[in-house]
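Observations on chain architecture
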Amino acid sequence: MERPLDPATLGDHLDRLYRAAYALCGSRSDAEDLVQETYVRVLARPRFLRSDEDIGYLLRVLKNTFVRQLEQRHRHPAAAFAEEAEQVEAHDPRPDEAAEVREVYSAIAALPDNYRDVLIAVDVAGLTYAEAARALRIRRGTVMSRLSRARVRVAERLTGAQPDEGRSEHAR
Amino acid sequence: MRADHAGASSHGELAQTIASVRAPTSLRAYVEDQRRRHQPLRLRRRMTAASVVASVALSIAAAVTLFDFGPDAPTVVETAALAERPSSQATPRPSMADANLLDRRAQGVSYPNWQRGFGWRAVGARVDAVGDRRATTVLYAKGEKRIGYTIISGDPLPPPGGARTSVRKGIPFRYLQRGDRSIIIWERNGRSCVLSGRKVERGTLLALAGWTGVVSDYGA
């Protein structure tokens, strides 16, 4: 049975959604943009959900919005300012942000899509394996195996260990 | 992170680091504002058919008065009007990495720092919903004059009806005049950008819009 998504409850998921966006983008400012865009899309018209997993639904919209933004950027090559902007983002550390936090989120953002999505759903957004499987529309076992590999890759990146040969890093 | 899949202690530390991140105040304020805006939807459903018809008629009359009803003009003009609204977010600062840019971005595009070359300084910012699009505006001021630079999410808006075009470095800049408000619309990185201000010369806005941080652009 479907039920309407209540806009009044959307703020309850903000921290988790923001963390997920940060882990997707690897940048706080882009994450803020992405979450705002996600809320605009969700609130544009009444939404009806089949389950009580609002956060799972919001994660799907967040991911779709992120993918759409990437596609648009690829369709429209960056102008001079935009290219400079990317450089600024990469070299403009915020003093109030711990280096450790930046490193962790950058490591997650650099994962291949499949691994990153699972790690975001479980470790960042806090879904159980079953919830993550429903949100990502994959099997529970697939969630577990991808999560395990994703955690290893993040740990390798954070400790400076070289990843195994033949595993291509995801290029955003 | 849930206990049923917690791993080694290092993994627990990683989870702590992840969970230490909180949404910024500006984002909370934006979401709260959006939530409040969407609450009246329930009230609207209770309106009688007659009041709905009356509201639609009034809205059409207002739209005709304000926007001339040119093709797509309402969106562009409505967007340009955001420059008149007050700042609701922190004032962007010059970027530490590039003095030609501010530390504020929208849709992957940075806002320019026009203070050094043109004397326009950033004085605030705001984020609004225009239809189903998100509009991020940085407000600039020079003396008594004020302009707004808005970047719209989603696909570029179609060129507004009745606009004239000025091409600089291969980029078409559309120019509109609505009363004493000058409006420039163009694309950066696949996004529509709208720059507007009251009693500001068209040439001034074109020079600002066309500036890419290159010194030779200053004299344009």
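Residues numbered from 1 in each chain as written. Chains lettered and ligands numbered in written order. Predicted model: local features only at pLDDT ≥ 70, side-chain atom pairs only at ≥ 80, totals over all residues. Heavy atoms only, no water.

1. A word on the overall build of chain B
A tally of helices and strands in chain B yields 7 helices and 9 strands. A burial count over chain B gives 46% of its 220 residues as buried. As displayed, chain B offers around 10,500 Å² of accessible surface, 54% of which is attributable to carbon and sulfur atoms. (Helix = DSSP H or I, 4+ residues; strand = E, 2+ residues; numbered from the N terminus. Buried < 20%, exposed > 50% of the residue type's maximum accessible area, 1.4 Å probe, protein only. Areas by Shrake-Rupley, 256 points an atom, 1.4 Å probe, with all protein chains shown as cover.)

2. Considering the environment of Ala106(B)
As for its position among the elements, Ala106(B) is in strand 1 (residues 101-106). The residues contacting Ala106(B), other than those within four sequence positions of it, are Asp33(A), Tyr111(B), Thr136(B) and Ile151(B). (Contact = heavy atoms within 4.5 Å.)

3. A few points about the side chain of Ser95(B)
Residue and element names in this part refer to chain B. On the secondary structure map, Ser-95 appears in the loop between helix 5 (73-80) and strand 1. A polar contact is formed between the side chain of Ser-95 and the backbone nitrogen of Ala-97, at a distance of 3.0 Å. Separated by 3.3 Å, the side chain of Ser-95 and the backbone nitrogen of Asp-98 make a polar contact. (Polar contact = N/O pair within 3.5 Å; in protein donor to acceptor, adjacent residues only side chain to side chain.)

4. Let's talk about the sheet that holds strand 7 (residues 171-178) of chain B
The pairing of strands in a sheet comes from backbone hydrogen bonds and takes either a parallel or an antiparallel form. The antiparallel open sheet is built from 7 strands, whose spatial order is 3-4-5-9-8-7-6 (chain B). The outermost strands of the open sheet, each flanked by one partner alone, are strand 3 (121-130) and strand 6 (164-168) of chain B. Here the average twist between neighbouring strands, direction ignored, is 25 degrees. Summarising the sheet, strand 6 of chain B and strand 7 of chain B pair through 5 bridges and their orientation is antiparallel. The partner of Thr165(B) across the bridge, within strand 7 of chain B, is Arg174(B). Across the sheet, helix 2 (residues 28-43) of chain A touches strand 3 and strand 4 (133-142) of chain B, and the angle it forms with strand 4 of chain B is around 125 degrees. Docked against the sheet, helix 7 (residues 202-210) of chain B engages strand 5 (145-152), strand 6, strand 7, strand 8 (181-188) and strand 9 (191-198) of chain B, running at close to 20 degrees with respect to strand 8 of chain B. (Pairing = 2+ DSSP bridges. Axes fitted to C-alpha atoms, helices over the stretch in contact; angles between N-to-C directions.)

5. Considering the pattern of salt bridges
Evaluation of the coordinates by the stated rule reveals 14 salt bridges over all chains. In this structure, Asp117(A) and Lys63(A) form a salt bridge, with 2.6 Å as the shortest nitrogen-oxygen distance. Taken together, the residues span a long stretch of sequence, with Asp117(A) in helix 6 (residues 113-124) and Lys63(A) in helix 3 (residues 54-75) at a distance of 54 residues. Linking Arg198(B) and Glu84(B) is a salt bridge whose minimum nitrogen-to-oxygen distance equals 3.5 Å. Here Arg198(B) is found in strand 9, whereas its partner Glu84(B) is found in the loop between helix 5 and strand 1, with 114 residues between them in sequence. (Salt bridge = Lys/Arg side-chain N within 4 Å of Asp/Glu carboxyl O.)

6. A few points about the nonpolar core
Formed by 58 residues in total, the largest nonpolar core has its most connected members in Val35(A), Leu59(A), Leu62(A) and Ile108(A). Here the element with the most residues in this core is helix 1 (residues 14-25) of chain A; it accounts for 9 residues. Sequence-distant contacts of Leu62(A), that is, excluding residues within four places in its chain, are made with Leu17(A), Ala20(A), Ala21(A), Leu24(A), Leu34(A), Val35(A) and Thr38(A). Ranked by size, the runner-up nonpolar core spans 27 residues in total, among them Trp114(B), Ile147(B), Tyr149(B) and Tyr175(B). (Core = buried A, V, L, I, M, F, W, Y, C linked by side-chain atoms within 4.5 Å.)

7. A closer look at the confidence of the model for chain B
All names here are of chain B. Per-residue pLDDT for chain B averages 75, and the proportion of residues at 70 or more is 75%. Confidence, read as mean pLDDT per element, is least for helix 4 (residues 49-67) in chain B (42) and greatest for strand 5 (93). This model gives residues 1-9 a pLDDT under 50, and the stretch forms 15 contacts once residues within four places in sequence are excluded. Note on residues 46-74: pLDDT is under 50 here. Beyond four places in sequence and across chains, it has 19 contacts. Among the scores for the predicted complex, ipTM is 0.77 and pTM is 0.58. (pLDDT = per-residue confidence, 0-100.)

8. Concerning helix 2 of chain A
Residue and element names in this part refer to chain A. The end-to-end C-alpha distance of helix 2, which contains 16 residues, comes to 22 Å, matching closely the 22 Å that a straight helix rising 1.5 Å per residue would cover. Across the 16 residues that make up helix 2, a large majority, 14, are buried. Where helix 2 begins, one side-chain oxygen reaches toward the backbone nitrogen of Asp-30, 3.1 Å away; that side chain belongs to Ser-27. (Expected span 1.5 Å × (residues − 1).)

9. Looking at the pairing of strand 3 of chain B
Look at any regular strand and the pattern is simple: side chains alternate between the two faces of the sheet. Residue and element names in this part refer to chain B. With 7 of 10 residues buried, strand 3 lies mostly within the body of the structure. Pairing of strand 3 with strand 4, which is carried by 9 bridges, proceeds in the antiparallel orientation. From the neighbouring strand, Gly-124 faces strand 4, where its bridge partner is Leu-139. As consecutive antiparallel partners, strand 3 and strand 4 are separated by 2 residues, and within that stretch Gly-131 has a phi angle of approximately 65 degrees, a positive value.

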